[in-house]
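Next come the chains, spelled out residue by residue.
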Amino acid sequence: MGGAPVRARVRAWIEFLGDQFWLRPALVVLACIGLAQAAVWLETAHIAGYDPSSPDANWGWAGGAEGARALLSAVASSTIGVAGTTFSITIAALTLASNQMGPRLLRNFVRDARNQLVLGIFLGTFAYALMVLRTVRTVEEETFVPHLAVSGAVLLALVSLGTLVWFVHHVATSINVETVVDAVHRDLCAAVEARTRDEADVQPPTEAPRGGPVAPADGGYLQAVDTDGLADWAHERRVVLALRVRPGDFVPRGFPVAFLSAGVEDAAEAVGRALTFGRRPAALQDLEYSVRQLVEIAVRALSPGINDPMTAGSVLDHLGDALCRIAPRHLPTGAVAREGRIVLVHPVTDYDGLCDAMFHMIRQNAAGSVHVLARMLDVLTRAAEVERLTSRLTELGRHADLVLAAARRDVADPSDLADLEERHARFVRVRTGAGQSVG
């Protein structure tokens, strides 16, 4: 089971590195420092007789040492000042946006490679100018002007200018709620594609083993599980392993996360190697991660302080699209077999739990919002039109009935209530027709 847990931990480490806002800027700064050193070296090497200060090479910097120092100083001071001011304003704008959409969505801004590269370009230009500035010498110091390197500083300053204009546009669009919802929806679609199957898995046993408990040494948010490695290990020991936690769960230290059908000495070590914990939930193997982000946007939009049912309706539309994408696919059952024998059982997100995560909190916070309740019934109706499994249709019907019950409890206007009842009746007709076609 050696290579598989390593791959799982590598993926978790890559996920962790994506959250580090400093990583890409640091790499860009190092690249610019290397570029400055290379440009100065080319100036002193005179490769193939090339002399950038000659009249034939007048496309670049052709001034003297004092002018080069003034130019490089201006580039360095302006870029570092623009970088500080721009990102200060950006953080203020994101703080206001987080109040509307939730602080956890700031992670999407931090992980955005474009934002990281912009900071890297500003800081890299600053570092480039400093590295070149230290090589400029006047008459008293045996005159040396790296014309090629100074020309590079001018070019990087122009690139920084264009980057500033683009970055203002990018930030203005990235904090728009529709843009955020669409970005999280794309993550959800990718998770649906990765965490669902073309064919149905084997069915889990009716009773999971309740033998010796296994508790790993670590604790925290479970980010990834190496199911293949655990299945191979259990197959080699001729035991059945039943996990009790899934990615996204918080596991207290010392909590028994698994049961074994028989005692095995290295069980705790094997389970510990297969589980990857972190300080926060991750989207690596958690299908509900993006769902929770979308639901948080909708719930905040429905709060009295914001009162934006249009945003909640947009979130419901995107959640309905995810359900339609799941319709032709199979969710994992949580059972892993080796040579025809089930050796691992682990909890997974099923269709009922996914629908609960999508609709319960939004419905509970709609508080009589006719627009949101009507949109939820429409979304459930569309999902029922493409769904063909009877069990899933039953689950969609349960949520439609809950919406109707909430409407009868909270909607006072008779015409609004009649409209919602008609939408519910339309859902029932669609579900009945889909159920008959399955039969």
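One can find the structure itself at the top, above this paragraph.
What you are looking at is a predicted structure, and each value in this text was computed from that prediction instead of being measured. (Residues numbered from 1 in each chain as written. Predicted model: local features only at pLDDT ≥ 70, side-chain atom pairs only at ≥ 80, totals over all residues. Heavy atoms only, no water.)

Chemist: Just give me the short version of the packing of helix α12 (residues 351-366) against helix α13 (residues 370-386), but keep the residues and values in it.
Modeler: With their axes 10 Å apart at the nearest point, α12 and α13 run at an angle of 155° to one another. In terms of axis orientation, α12 runs roughly antiparallel to α13. Here Phe359, Ile362, Arg363 and Ala366 of α12 lie close against α13, whose contacting residues are Val372, Leu373, Met376, Val379 and Leu380. Of the residues contributing to the contact of α12 with α13, the split by class is eight nonpolar, no polar and one charged. (Axes fitted to C-alpha atoms, helices over the stretch in contact; angles between N-to-C directions. Helix = DSSP H or I, 4+ residues; strand = E, 2+ residues; numbered from the N terminus. Parallel < 35°, antiparallel > 145°, perpendicular 65-115°, else oblique. Contact = heavy atoms within 4.5 Å. Nonpolar A, V, L, I, M, F, W, Y, C, P; charged D, E, K, R; others polar.)

Chemist: Describe the pattern of salt bridges, and please don't skip the residues or the numbers.
Modeler: What the rule picks out here adds up to 24 salt bridges. The closest approach of N and O atoms between arginine 329 and aspartate 198, which form a salt bridge, is 2.7 Å. With arginine 329 in the loop between α11 (309-326) and β7 (335-338) and aspartate 198 in the loop between α7 (177-195) and β1 (212-214), this residue pair connects regions lying 131 residues apart in the sequence. Among the residues examined, arginine 329 registers a relative accessible area of 14% and is labelled buried. The exposed category is assigned to aspartate 198, whose relative accessible area is 57%. Of the charged contacts, one joins glutamate 422 and arginine 429 as a salt bridge, the two residues approaching to 3.4 Å between their closest N and O atoms. Under the relative-accessibility criterion, glutamate 422 is labelled partly exposed at 38%. (Salt bridge = Lys/Arg side-chain N within 4 Å of Asp/Glu carboxyl O. Buried < 20%, exposed > 50% of the residue type's maximum accessible area, 1.4 Å probe, protein only.)

Chemist: Report on the pairing of strand β6 (residues 275-278), specifying residues and quantitative values.
Modeler: Burial along β6 is two-sided: Leu275 and Phe277 facing one way and Thr276 and Gly278 facing the other are all buried. By the bridge criterion, four bridges tie strand β2 (residues 220-225) to β6 in an arrangement that is antiparallel. Residue pairing for β6: alanine 224 is matched across the bridge by threonine 276. (Pairing = 2+ DSSP bridges.)

Chemist: Describe the packing of helix α2 (residues 23-45) against helix α5 (residues 113-133), and please don't skip the residues or the numbers.
Modeler: Running from N to C, α2 and α5 point in directions that differ by 30°, and their axes come no closer than 7 Å. Classed by the angle they form, the pair α2 and α5 counts as roughly parallel. You can see that α2 and α5 cross each other, and the crossing is right-handed. In terms of residue class, the contact of α2 with α5 is built from 17 nonpolar, five polar and one charged. (Left-handed = near helix turned anticlockwise from the far one by under 90°.)

Chemist: I'd like a description of a nonpolar patch on the surface, backed by residues and values.
Modeler: Residues Val154, Leu158 and Leu161 make up a contiguous nonpolar surface patch of roughly 280 Å² in combined accessible area. As for its position among the elements, leucine 158 is in helix α6 (residues 147-174). (Patch = residues over 30% accessible without salt bridge, like charges linked within 9 Å, V, L, I, M, F, W, Y side chains within 5 Å. Areas by Shrake-Rupley, 256 points an atom, 1.4 Å probe, with all protein chains shown as cover.)

Chemist: Outline the layout of surface pockets, listing residues and values.
Modeler: Quantified by volume, the largest pocket comes out at close to 810 Å³. As for the largest pocket, its lining consists of 35 residues, and the residues nearest its centre are Asn108, Ala183, Val184, Arg186 and Asp187. For the lining of the largest pocket, the elements supplying multiple residues, two or more each, are α3 (65-101), α4 (106-111), α5, α6, α7 and α10 (289-301). The leading source of residues in the lining of the largest pocket is α7, at ten residues. Broken down by class, the residue content of the lining of the largest pocket amounts to 16 nonpolar, ten polar and nine charged. For the lining of the largest pocket, the domains that each give at least three residues are domain 1 (3-49 + 60-175) and domain 3 (284-437). (1 Å grid on protein atoms, 1.4 Å probe; cavity = no way out; pocket = protein on both sides within 12 Å on 5 of 7 lines; lining within 4 Å. Points joined across faces, edges and corners; volume = space filled by probe spheres on them. Domains from an automatic or database assignment.)

Chemist: Give a description of the environment of proline 216 that names residues and reports values.
Modeler: Tracing the sequence through the fold places proline 216 in the loop between β1 and β2. What makes proline 216 buried here is its relative accessible area of 6%. In this structure the C-alpha to C-alpha distance between proline 216 and alanine 270, which are 54 residues apart in sequence, comes to 8.9 Å. Setting aside residues up to four positions removed in sequence, proline 216 forms contacts with Gly254, Phe255, Val257, Gly272, Leu275 and Phe277.

On their own, these measurements won't tell you what the molecule is for.
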